[in-house]
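# Summary of the model geometry
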Amino acid sequence: MSETNLGVQFREKVGFSAKAFSRIVRFNNINSFITENNAVNWQELVYKFDFFDQNHFIKEFKRFYGCTPSQWHAGLSQDL
């Protein structure tokens, strides 16, 4: 099976691309980590979850959640 065919099959079965699925899994893991840890070292998350650099992490986080990691964490802390 070619890479292209695999991508098409994945999209048909799951409903979105393998890359989108990978991002969802990654951010679910990040969400769990942040929720379980009050004192989050954002630089640690960059390396723990295999982002190229902190800027890449913030950009992806903002695209996924609609806010920066610090804004998200501050909002989560206020809800507790």
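Below you will find a few notes about this structure. Within every chain, residues take consecutive numbers counted from 1 along the sequence as written. Whole-chain, interface and lining totals are the exception, using all residues; otherwise, since this is a predicted model, local features are given only for residues with pLDDT of at least 70 and side-chain atom pairs are given and counted only at 80 or more. Just so you know, side-chain values use all the structure's heavy atoms and leave hydrogens and water out.

## Structural notes on the overall build of the protein chain
Stated precisely, the cut-off is as follows: Each helix is a run of DSSP H or I of at least 4 residues and each strand a run of E of at least 2, with the numbering of both proceeding from the N terminus. Only protein chains enter the accessibility calculation, which uses a 1.4 Å probe; a residue is then buried when its area is under 20% of its type maximum, exposed when over 50%, and partly exposed in between.
Secondary structure summary: the protein chain contains 5 helices and 0 strands in total. Helices (α) and strands (β) of the protein chain occur, in sequence order from the N terminus, as α-α-α-α-α. Along the first, second and third principal axes, the C-alpha atoms of the protein chain reach 45 × 25 × 20 Å. In the protein chain, buried positions account for 21% of the 80 residues.

## Quick word on helix α1 (residues 3–14)
Put simply, the test is: In a helix, the anticipated span is given by 1.5 Å times the number of residues less one.
With 12 residues, α1 should cover 16 Å at 1.5 Å per step; its first-to-last C-alpha distance of 16 Å lies within 8% of that length. Gly 15 sits one or two residues past α1 and shows a positive phi near 105 degrees.

## Concerning the packing of aromatic side chains
Worth spelling out the cut-off: Each Phe, Tyr or Trp ring (for Trp, its six-membered ring) is paired with any other whose centre lies within 6.5 Å, and the angle between the two planes then decides the class: stacked below 30 degrees, edge-to-face above 60, tilted in between. Our definition puts a charge over a ring when NZ of Lys or CZ of Arg is within 6 Å of the ring centre and also within 35 degrees of the ring normal.
A full pass over the atoms with the stated rule returns 12 aromatic pairs. Judged by centre distance (5.3 Å) and plane angle (75 degrees), the rings of Phe 64 and Tyr 65 are edge-to-face. The partly exposed category is assigned to Phe 64, whose relative accessible area is 31%. The ring of Phe 51 has Arg 26 lying over it, and the distance from NZ or CZ to the ring centre is 3.8 Å.

## Describing a nonpolar patch on the surface
For the record, the criterion: Patch membership requires over 30% relative accessible area and the absence of a salt bridge. Like charges are linked within 9 Å, and nonpolar side chains (Val, Leu, Ile, Met, Phe, Trp, Tyr) within 5 Å. In these tables, accessible area is a Shrake-Rupley quantity obtained with a 1.4 Å probe, and a residue counts as shielded only by the protein chains included in the view. Definition used for salt bridges: Asp or Glu carboxyl oxygen within 4 Å of a side-chain nitrogen of Lys or Arg.
The grouping of Val 14, Phe 16, Phe 21 and Val 25 at the surface amounts to a nonpolar patch, some 290 Å² of accessible area in total. With respect to the helices and strands, the residue Val 14 is situated in helix α1. Taking the relative accessible area as the measure of exposure, Val 14 reaches 37% and is therefore partly exposed.

Remember that the coordinates give geometry; whether it matters functionally is a separate question.
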